[in-house]
Amino acid sequence: MSRPKTKPKTAAAISPKRSAGRVSNARLGRAEWIAAARAAFIEGGLAGVRVDIIRRQLGVTTGSFYWHFKDREALLAEILADWEETNSRPLFDAVAGAGDDPERQFADVCMVWLEESAFSPAYDWAIRDWARTSPKVEEAVRRVDERRIELLHGIFRRLGNGEPEALVRARITYFHQVGYYALRISESPETRRDLLPTYIDLLLGRGS
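Everything numeric here is computed off the predicted structure, so don't read it as measured data. (Residues numbered from 1 in each chain as written. Predicted model: local features only at pLDDT ≥ 70, side-chain atom pairs only at ≥ 80, totals over all residues. Heavy atoms only, no water.)

A.B. asks: It is not clear to me how unusual backbone geometry should be interpreted in this structure. Could you clarify?
C.D. replies: Leave glycine aside and you will find that most residues have negative phi; peptide bonds, for their part, are mostly trans. Backbone torsion omega between Glu 163 and Pro 164 reads 5°, so that peptide bond is classified as cis. The residue Glu 116 is not glycine, and still its phi comes out positive at about 55°. Here Glu 116 is to be found in the loop between α8 (102-115) and α9 (121-131). Despite not being glycine, Arg 184 has its phi angle at roughly 55°, a positive value. Inspection of the secondary structure puts Arg 184 in the loop between α11 (165-182) and α12 (189-203). (Helix = DSSP H or I, 4+ residues; strand = E, 2+ residues; numbered from the N terminus.)

Here you go:
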C-alpha cells in the first residue's frame, strides 16, 4: 500500500512558539531595548548591561537584540548617545521655556536639578563612573559638561556679569551641583526646596 499523502508542514506548524517569538521580536523596537538597557545601566553600571538578562526581562529571544544591534558595544554606544541627548535636554528646555528673564532661566534650571524627574542624577553618576575606564566616554562627558556650563555662562552674561565673572559663576554653579551628587548628600526634598532660594541668591551674588 502506498503511504497516505500528508500536507506539507509550514514553519508555523513546525514550531508555533518560534513563530510567535519572531512576531514578538519584530514588534519590540530599538527604543524599548535602549530604555531597558538604560535602566539596567543606571541600576548596575556597565556590568549591569547584559544582553541575556535584559532580553529575559523584556520577554524576547536573543534574536530580537541582534535584529536591532550588531553587538553589545553597539548597545552601549546607544546608551551613551541617549544620555548625551536626554539628560541635558531638560536643562536647555528650561531655559528656552523661561522666556527672556535670565533670573527665571536660572531658577528654572535649578528646579530641574531639584526635582530630579526630567533630569536623572543617577544616569549622570553612572556615566561618569564609566568614563573613568573609557577615553571615549570621558570625551563625551567633557563635551556635555562644557555645553551645560556654557548654558549657565550665557545666563550670567544676560544677568549683566562681565568676564571672567560670568564664566566663574557658571563654573561654581555647575561644579557645586556635580559635587552635590558626587558626595551623595542626603537631604529630604522639603529641605532642598527650603534651601533653594538661599542657594539661588548666593549663586547670583544677591546674598548679604
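Structure shown, so let's carry the discussion forward.
A.B. asks: I'm lost on the pattern of salt bridges in this one. Help?
C.D. replies: Oppositely charged side chains can pair when the atoms bearing their charge come close. A complete count under the given rule lists 17 salt bridges for this structure. Here Arg 104 and Asp 108 are joined by a salt bridge, their closest N and O atoms 3.5 Å apart. Taken together, the residues Arg 104 and Asp 108, both in helix α8 and four residues apart, mark about one turn of the helix. Owing to a relative accessible area of 44%, Arg 104 belongs among the partly exposed residues under this scheme. (Salt bridge = Lys/Arg side-chain N within 4 Å of Asp/Glu carboxyl O. Buried < 20%, exposed > 50% of the residue type's maximum accessible area, 1.4 Å probe, protein only.)

A.B. asks: Can you walk me through the packing of α9 against helix α10 (residues 135-158) in this structure?
C.D. replies: Two numbers describe a pair of packed helices, the interaxial angle and the distance between the axes. Contact geometry of α9 with α10 gives a least axis separation of 8 Å together with a crossing angle of 135°. Between α9 and α10, the crossing angle belongs to the class labelled oblique. For the pair α9 and α10, the crossing hand works out as left-handed. Together, Asp 124, Ile 127, Arg 128, Trp 130 and Ala 131 of α9 and Val 137, Glu 138, Val 141, Asp 145 and Arg 148 of α10 make up the contact between the two elements. Tallied by class, the residues present in the contact of α9 with α10 amount to five nonpolar, no polar and five charged. (Axes fitted to C-alpha atoms, helices over the stretch in contact; angles between N-to-C directions. Parallel < 35°, antiparallel > 145°, perpendicular 65-115°, else oblique. Left-handed = near helix turned anticlockwise from the far one by under 90°. Contact = heavy atoms within 4.5 Å. Nonpolar A, V, L, I, M, F, W, Y, C, P; charged D, E, K, R; others polar.)

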